[in-house]
Amino acid sequence: TEEQCWGTWGKNIKCVCFYRNALLEADINKLGFSSPAARKTGTTICGVVYKDGVVLGADTRATEGMVVADKNCSKIHYISPNIYCCGAGTAADTEMTTQIISSNLELHSLSTGRLPRVTTANRMLKQMLFRYQGYIGAALVLGGVDCNGPHLYSIYPHGSTDKLPYVTMGSGSLAAMAVFEDRYRPNMEEEEAKRLVRDAIAAGIFNDLGSGSNIDLCVITKGKVDYLRPHDMANKKGVRTGSYRYKHGTTGVLTKAVTPLNLEVVEESVQTMDTS
Amino acid sequence: MFLKYCLKDSVPVTGLCPQAGSYGVQDSLRRGFSSVKNELLPSHPLELSEKNFQLNQDKMNFNTLRNIQGLHAPLKLQMEYRAARQIQRLPFLPSSNLALDTLRGSDDSIGFEDILNDPVQSELMGDPHIMTEYKLGVL
């Protein structure tokens, strides 16, 4: 992909990388190698609108095929002081996309002189993702509070968006959605909303292999953002109960034989370093 | 017929290496590997769409402008674009294209083209003397 080619090849880098990648992909399987897998965030992310604002939640596991690449990665990205975005899909894509949109939104808000709106971020994201026809693998949950109240959007990699009171995305989205469908009600209090999101992410963590580790929460209200990382360490690594090292003297010494090597100096020459 | 929209050049010229470098052969170091398939067919489904993206955006905007404000509006704007495009530095130096960016409205937005393959950070540069001599017609 384009982002993988942060190359140092000069002018026609885009064309060169397209050709090179295409050639490599075609021939590499014949030689018995497999091309490296992109690091995905097999994920559970979700968001809910409550009385005063929006609560976003995410797990913290990043997978690379069948291996956990990062046990504590941060999936809730900053877009603007009042807007945050959770990202599922290819980790590099979500990271770069949210950073670019964050920069554009900052420039835009400097130009208008107002706090940015969530719908602006939504439109910028969907137009960019549609332009790349789904090749940017970023599924996002965008939430924030602006002059018109709290808003929550889900954005799919091909560029479609949904504006809803509660959304889930990622490989654990079905588990999380089951919790939401059971317990969501409009105009919840903050503690209840945080408990609901925490339980939804926990459902994703414990029932989906692609999600795991801790639960991050982000509570956005008018004028205040609480970024709780980690909100809940659902999976603590165990502590070893004993030491397996052998103590000194475990192996008894029966006999000892010392043979000195007599070496004589034959020739000595000194070569000075050229430190000029 | 559908293939016509997928081919990169509408008139493929045989016998001529399109990626020719200084000696008439494929310049592998600067242009990369070559293959007949890569010259004719795009190597990524989005290659053609991205190559023509700015052009298509401009066309669409000019069309809308013509429909709303009349023919004079896009004509004036295109004239200004041409004038702005001519403001360049010496031939071997990359230009910031500030006037062109301001006209287009892309001076307050960031895209992939600003981060990846930034011409300011290119490792290649033409020989300054040769290029200015060529431009002045002295060469």
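Residues numbered from 1 in each chain as written. Chains lettered and ligands numbered in written order. Predicted model: local features only at pLDDT ≥ 70, side-chain atom pairs only at ≥ 80, totals over all residues. Heavy atoms only, no water.

### A closer look at the sheet that holds strand 3 (residues 53–59) of chain A
Each strand in a sheet pairs with another by means of backbone hydrogen bonds, the pair being arranged parallel or else antiparallel. Residues and elements named next belong to chain A. Here 5 strands make up an open sheet; going across it, the order is 11-2-3-12-13 and the pairing antiparallel. A strand with exactly one partner marks an edge of an open sheet, and here the two such strands are strand 11 (166–169) and strand 13 (224–232). Ignoring which end each strand starts from, the neighbouring axes of this sheet average 10 degrees apart. Contacts from helix 4 (residues 173–183) reach strand 2 (45–49) and strand 11, with the element oriented near 160 degrees to strand 11. Where helix 5 (residues 190–207) meets the sheet, it contacts strand 2, strand 3, strand 12 (215–221) and strand 13, and its direction lies at approximately 25 degrees from that of strand 3. (Pairing = 2+ DSSP bridges. Helix = DSSP H or I, 4+ residues; strand = E, 2+ residues; numbered from the N terminus. Axes fitted to C-alpha atoms, helices over the stretch in contact; angles between N-to-C directions. Contact = heavy atoms within 4.5 Å.)

### A look at unusual backbone geometry
A cis amide bond, omega -5 degrees, links Arg 229 of chain A with the succeeding residue Pro 230 of chain A. Counting through the fold element by element, Pro 230 of chain A comes out in strand 13. The backbone of Gln 133 of chain A shows a phi angle near 50 degrees, a positive value even though the residue is not glycine. Its location among the elements puts Gln 133 of chain A in the loop between helix 3 (118–131) and strand 8 (138–146). Judged by relative accessible area, which is 38%, Gln 133 of chain A ranks as partly exposed. Even without a glycine there, the phi angle at Asn 97 of chain B is positive, about 55 degrees. (Buried < 20%, exposed > 50% of the residue type's maximum accessible area, 1.4 Å probe, protein only.)

### As for the UniProt feature "domain: Proteasome beta subunit C-terminal" (unreviewed entry) in chain A
Those places that UniProt annotates as "domain: Proteasome beta subunit C-terminal" (unreviewed entry) correspond, in this numbering, to residues 234–270 of chain A. Between the end C-alpha atoms of residues 234–270 of chain A there is a gap of 64 Å, over a span that is 0% helix and 0% strand. (UniProt positions renumbered as here; feature names shortened; annotations may be inferred.)

### Thoughts on the confidence of the model for chain B
Residue and element names in this part refer to chain B. For chain B, the mean per-residue pLDDT works out to 81, and 76% of the residues sit at or above 70. No element of chain B has a lower mean pLDDT than helix 1 (residues 28–31), which averages 65, and none a higher one than helix 5 (residues 72–85), which averages 95. The model gives residues 10–16 a pLDDT under 50, and that stretch makes 1 contact with residues more than four places away or in other chains. In the predicted assembly, ipTM is 0.75 and pTM is 0.76. (pLDDT = per-residue confidence, 0-100.)

### Remarks on the UniProt feature "active site" (unreviewed entry) in chain A
Residues and elements named next belong to chain A. Under the UniProt annotation, the feature "active site" (unreviewed entry) is placed at Thr 43. The exposure class of Thr 43 is buried, given its relative accessible area of 0%. Leaving out residues up to four positions away in the same chain, Thr 43 has contacts with Asp 59, Lys 75, Gly 87, Ala 88, Met 169, Gly 170, Ser 171, Gly 172, Asp 208, Gly 210 and Ser 211. A polar side-chain atom of Thr 43 sits 3.3 Å from a polar atom in the side chain of Lys 75. (Polar contact = N/O pair within 3.5 Å; in protein donor to acceptor, adjacent residues only side chain to side chain.)

### Let's talk about the side chain of Glu 47 of chain B
Residue and element names in this part refer to chain B. Checked against the element boundaries, Glu 47 lands in helix 3 (residues 47–51). On the basis of relative accessible area, Glu 47 is assigned to the buried category, the value being 4%. A polar side-chain atom of Glu 47 sits 3.0 Å from the main-chain amide nitrogen of Ser 43.

### Quick notes on the pairing of strand 2 of chain A
Residue and element names in this part refer to chain A. For strand 2, a buried count of 5 out of 5 residues is recorded, marking the element as mostly surrounded by other parts of the structure. Of the two faces of strand 2, the one lined by Ile 45, Gly 47 and Val 49 and the one lined by Cys 46 and Val 48 are each fully buried. Here strand 2 runs beside strand 3; their pairing, made up of 5 bridges, is antiparallel. Paired with Ile 45 across the bridge in strand 3 is Ala 58. Connecting strand 2 to the next strand, strand 3, in antiparallel fashion are 3 residues. In terms of strand pairing, strand 2 meets strand 11 through 4 bridges, oriented antiparallel. Note on strand 11: the bridge partner recorded for Ile 45 is Met 169.

### Here's the deal with the pairing of strand 8 of chain A
All names here are of chain A. Judged by how many residues are buried, strand 8 sits mostly within the fold: 9 of 9 residues are covered. With burial as the criterion, each face of strand 8 is covered, one bearing Ala 138, Leu 140, Leu 142, Gly 144 and Asp 146 and the other bearing Ala 139, Val 141, Gly 143 and Val 145. When strand 7 (residues 83–90) meets strand 8, the two strands line up antiparallel, connected through 7 bridges. Residue pairing in the sheet places Gly 89 in a bridge with Ala 138 of strand 8. Note: strand 8 against strand 9 (residues 149–155), 7 bridges, orientation antiparallel. Across the sheet, the residue bridging to Val 141 is Ser 154, located in strand 9. Here strand 8 folds back onto strand 9 in antiparallel fashion, the turn holding 2 residues.

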